[in-house]
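# Observations on the three-dimensional arrangement
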Amino acid sequence: MVPRRFSSAFRMNFDLFFQYLVAGITYGSIYAIVAIGFNIIYNATGIINFAQGEFVMLGGMIAISLLEHLPLGYAIAAAVLVTMGIGAVIEILFIRWLKSPSVLQMIIITIGISILLRESALHIWGESIRSLPYFYGNEITTFTLGSVHVSPQVVWVIAACTVMMGGLSAFFKSMPIGREMRACAANRTAASLCGINIRNMVTLSFMLSAGIGALAGCVMSPMTYTQYDSGTSLAIKGFTVAILGGLGNSLAAVAAGILLGIVEAFSVSLVPLAFQDAIAIAILLLILFVRPHGIFGSSEMAHLQDF
Amino acid sequence: MRIRKNLSLAALCLATVGLHLLIVATGTQFYLTQLTMAAYYGLVVIGLGVLMGYAGQISLGHAGFFAIGGYLAAALTTRNLQPFQEALPVRMLDCLGLLATGQDIYGAALLTVTPWAACVLAVLAAALVALAIGVPVLKLKGHYLAMATLGFGTIVYRILLASAYFGEADGIVEVPAFPLLPAVGRFGPVVISGDADHRILNFYVAWGILILGIALLLNLIGSRVGRALRSLHSAEAAEASGIDTGRCKLQVFVLSAVYAATAGVLLTHFNGGIGPGEASVMKSVRYVALVAVGGMTNLWGTLIMGVGLTFLSLRGVFGAYDDVVFGAILIAVMLFAPGGVLSLRLKEFAYRLIPGGRS
Amino acid sequence: MSGVDHGQDQEPLLALHDVHKRFGGLHAVNGISFAVATGSIKAVIGPNGAGKSTLFNLIAGNLPVSSGAITFRGQEIQGKKTHQIARLGMARTFQNIKLFHGMTALECVMVGRHVQSRSGFFAGLFNLPATWKEERAIRIRAMELLDFLQIADLAHVEASSLAFGQQRAVEMARALAAEPKLLLLDEPAAGLNIYETAEVARLIATIRDMGITVLLVEHDMSLVMDISDEIVVLSFGTKLAEDIPASIQKNAEVISIYLGENNED
């Protein structure tokens, strides 16, 4: 994936290189999941949900709170379900009954929702930084791969992301309701004429998107920690990845997510950590300016989209 | 049209004086500080209002321009240039008589830029950044434009937060007063500072600048270029009428950035400092919320709601729920009154609230 | 296809040379060439999907040509932006009327005056006295045009609240306000009744007599046959015929296309 001369140019030994690579893939998988969350809602509604990052934060926070009463596995499952419920409620309250809202209206509404979720989190959980425990072992547990030490949580993250991707793909391909959602994405009017209830599909897309966001929030929590405002930067990175892969294209989002994760991981050796978020955003701006249809998308298609 | 505009401006001037008299009559002089600050924030909001309402371009990065203005003015008037005395830009400023000498709190010699020069440089810098960012950004629409401006705002925030030169999380403090006009005859000098002696003066300066700001914008909207701006919503027809829509958007974008940066400079001198919170995304979102409440194409509504709500927020009326209030305002306005609260027809509003009522 | 004498002594106002436009696999405009002589009325007709609107969008600069050349007043304009082409003296109306939201009829027409005035950004911002005279002139000219189109009484009514035919008139006034050399009319009679259509026909003839060349796309055959000096017939992106109305009416191929279309209907 990364050319060899890249490593030698920075006089990086192989182990360090591999460490960065693993970190990049781990974070990249999470960005990909956030991006897919964007894509699911975008495909169903044409809306970019600016509150997507808050779903990730909520998943982590709710799981942490439930951990006092439930074992880890159940706490995570319950957190995902609760977040899905929140997603559904948001859609029903704020979006479902709008008649042909403008893009500007939808941007502002979803930004408002993200503020409400973030501030609610602040009032419920305070400003403290929390995290779920490591799913296996603790922060110093590692297993060795060749000569490299890898945290088992990395495996959890990658495995969870892979399973989610596989599950979603199966859902959209094989399940009748998944196929109905794809029909909605392809042509809303035609889908509606075929008797598909579009409004329910939109609600479902919010639930799905909230659910996978929450799951991502849970698996990443032990490594990245969770705070009431950790959603914003995740949302920007997830959006970067969604654009990089071409809006609505989830398979490309995976590749783009891992790409961004790796670039970000290696950038640590070049710029101070404090500027790391700025790197992802600079990449976002660059893509928007140069190739707004994504590195895998075609410009012909982009002309058809509203941007 | 022109008569109505002049009458409205005169009414605003009278309202300003009336506000002062009311405060004197009720003995609530402590409101003056927040009213002064609210006027400066109002300047940002009306500038953004023209960009959003007339040019139809959303910006989620206007706190960035405010911060560029404020931080540059603060840094240039506080950071010691003594070690860089021999550098070419510093020597040029010196030749032009734009440097001021003083002493820091330990009595060491301090060489800084004069507030006027710093103000011009800071606003100019914001204008140039807006120009550079605006060319590619304004080609985007909808979500892409929103994300790009959000990204710009976040980058400014991160840079300020991570740079020692800009004081990291503490920001810049001890920013000197801004002598706007020298003393003439019996009149004392006009100084922008938070000093209690200058409180009434600063109230009038801030509101005077706000009135000037809205007067200029009203001029613009009523002019040939203003008509072009208002036509941007139907871009195809505007282009066919020979209007360079890209250029028009860019001009308004830069103008609104200049408004934000000017407000940033003046408020920083008034407050005696600036912190990274001024550059945060939440601030940008708040400006958008204020424009939305006022009504996108209603400059007076934007002004009234912008100054009013900012004042309440600064007074701490919303308490710990300050951000929640603005988030809720955003949603409620977009759901129930996309044309702004002042354009709301209550009957229609009632119909929408009653399920099964005529929509 | 019998050729028509374009008046070789004079360069045509607008000329298309082998213009192509492809959308992916679709060849929407396939090697169209024709010229519009100064001071004439030329009509482009053809069944739905013949590429008429695409052709208009190529001429006005809304779409880039895939290949070929378009010259207007002796300059190649393909690749120029719409507003640049408008500045050269081309104005247009739209099939689905595009007026400016929130403006009165008068203001809409005043926007059309944009290319004929020059007050800049700062002049507007500071309301410089130099702009006052120009503003007055713009307003007077716009009123004259509304008067010419017999809707002067509606000057201060919000344009989007006017009746359909009145909106058409406002759009026409806006286009005329630019004092164009060439006026593109995209289905000027669509949605109008026969009386209004006759009115539009008279209006277009008057506009031509004022020295403005007119190129129009129209479905209404009576209108086209009455007023056009020449007609271009398009079918599936290619030029089928170009002739004077009398000959077009007798052209077997053209008749078959229109009958064919009617059969499908």
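As the structure is a computational prediction, the values presented were derived from the model and not from experiment.

### Overview of the overall build of chain A
A count of helices and strands for chain A gives 13 helices and two strands. For chain A, whose C-alpha radius of gyration is 19 Å, the value lies close to the compact-globule estimate of 19 Å for 307 residues. Along the longest, intermediate and shortest principal axes, the C-alpha atoms of chain A span 60 × 50 × 35 Å. Scored against the burial criterion, the 307 residues of chain A give a buried share of 48%. Excluding contacts between residues fewer than 6 apart, the proportion of contacts in chain A whose partners are at least 24 apart in sequence is 75%.

### Comments concerning the interface of chain A and chain B
By a widespread convention, an interface's size corresponds to the accessible area lost as its parts come together. Contacts between the two partners involve 31 residues from chain A and, on the opposite side, 32 residues from chain B. Within the residue set of the side of chain A that touches chain B, elements represented by two or more residues are α5 (103-125), α10 (231-244) and α12 (276-290) of chain A. The residue makeup of the side of chain A that touches chain B, split by class, is 25 nonpolar, three polar and three charged.

### Overview of the sheet that holds strand β2 (residues 26-36) of chain C
Strand pairs in the sheet, formed through backbone hydrogen bonds, run parallel or antiparallel to each other. Residues and elements named next belong to chain C. Strand order in the open sheet formed by four strands is β2-β1-β4-β5, and the pairing between neighbours is antiparallel. For this open sheet the edge positions go to β2 and β5 (75-76), each flanked by a neighbour on one side alone. Strand contacts of helix α1 (residues 52-60): β1 (14-23), β2 and β4 (67-72), with the helix running at about 65° to β2, the strand carrying the most contacts.

### What about the sheet that holds strand β9 (residues 230-235) of chain C?
All names here are of chain C. Spatially, the six strands line up as an open sheet ordered β6-β7-β8-β3-β9-β10, and their pairing is mixed. Of all the strands in the sheet, just β6 (90-92) and β10 (238-243) have a single pairing partner and so form its edges. When the angles between neighbouring strand axes are averaged without regard to direction, this sheet yields 20°. As paired strands, strand β3 (residues 41-45) and β9 are joined by four bridges and run parallel to one another. If you follow Lys42 over to β9, its bridge partner there is Glu230. Together, β3, β6, β7 (182-186), β8 (213-217) and β9 form the strand contacts of α1, whose direction differs from that of β7 by roughly 150°. Here helix α7 (residues 194-209) sits on the sheet in contact with β3, β7 and β8, set at roughly 150° to β8.

### A word on the interface of chain C and chain B
Counting from both sides, the interface comprises 31 residues of chain C and, opposite them, 23 residues of chain B. Those elements that provide at least two residues to the side of chain C that touches chain B are α2 (82-87), β6, α3 (105-112) and α4 (121-125) of chain C. Along the lines of polarity and charge, the residues of the side of chain C that touches chain B split into 13 nonpolar, 13 polar and five charged.

### A few points about the confidence of the model for chain A
Residue and element names in this part refer to chain A. Per-residue confidence for chain A gives a mean pLDDT of 83, with 91% of residues at or over 70. Across residues 7-11, where pLDDT falls below 50, the model places three contacts with residues more than four positions away in sequence or in other chains. In this model, residues 299-307 is a region of pLDDT below 50 whose contacts with residues beyond four sequence positions or in other chains number 16 contacts.

### A short note on the packing of helix α3 (residues 62-78) of chain B against helix α6 (residues 142-162) of chain B
Residues and elements named next belong to chain B. For the pair α3 and α6, the least separation of the axes is 8 Å and the interaxial angle reads 35°. Touching Ala63, Gly64, Ala67, Ile68 and Tyr71 of α3 are Phe152, Gly153, Val156 and Leu160, all from α6. Class assignment for the residues of the contact of α3 with α6 results in seven nonpolar, two polar and no charged.

### As for helix α10 (residues 245-271) of chain B
Residue and element names in this part refer to chain B. With 27 residues, α10 extends 39 Å between its outermost C-alpha atoms, agreeing within 8% with the 39 Å of an ideal straight helix rising 1.5 Å per residue. The buried count for α10 comes to 23 of 27 residues, which makes it a mostly enclosed element. Following α10 by one or two positions, Gly272 adopts a phi angle in the positive range, close to 75°.

### Describing the pairing of β2 of chain C
All names here are of chain C. Alignment of β1 against β2, held across eight bridges, turns out to be antiparallel. Along β2, the bridge assignment pairs Arg22 with His27. Between β1 and β2, which follow one another and run antiparallel, lie two residues, and Gly24 among them has a positive phi close to 60°.

### Here's the deal with helix α6 (residues 164-177) of chain C
All names here are of chain C. Helix length check: α6, at 14 residues, gives a terminal C-alpha distance of 20 Å against a target of 20 Å (1.5 Å per residue), a fit within 8%. Among the 14 residues in α6, eleven count as buried, and that is most of the element. The set of residues buried in α6 consists of Gln167, Arg168, Ala169, Val170, Glu171, Met172, Ala173, Arg174, Ala175, Leu176 and Ala177. Lining the buried residues of α6 we find β6, α3, α5 (129-148) and β7. A positive backbone phi angle near 50° is found at Glu179, which sits one or two residues after α6.

### Some remarks on the environment of Gly112 of chain C
Inspection of the secondary structure puts Gly112 of chain C in helix α3. C-alpha of Gly112 of chain C to C-alpha of Met172 of chain C: the two residues are 60 residues apart in sequence and 9.7 Å apart in space.

### Considering the pairing of strand β1 (residues 99-103) of chain B
All names here are of chain B. Along β1, only zero of the five residues are buried, which leaves the element largely exposed. The pairing of β1 with strand β2 (residues 109-113) spans five bridges and is classified as antiparallel. Within the sheet, the bridge partner assigned to Leu99 lies in β2 and is Val113.

What counts, and where the lines are drawn
- Residues numbered from 1 in each chain as written.
- Chains lettered and ligands numbered in written order.
- Predicted model: local features only at pLDDT ≥ 70, side-chain atom pairs only at ≥ 80, totals over all residues.
- Helix = DSSP H or I, 4+ residues; strand = E, 2+ residues; numbered from the N terminus.
- Rg over C-alpha atoms; globule rule 2.2 N^0.38 Å.
- Buried ≥ 20, exposed ≤ 12 C-beta atoms within 10 Å, placed from the backbone.
- Contact = placed C-beta atoms within 7 Å.
- Nonpolar A, V, L, I, M, F, W, Y, C, P; charged D, E, K, R; others polar.
- Pairing = 2+ DSSP bridges.
- Axes fitted to C-alpha atoms, helices over the stretch in contact; angles between N-to-C directions.
- pLDDT = per-residue confidence, 0-100.
- Expected span 1.5 Å × (residues − 1).

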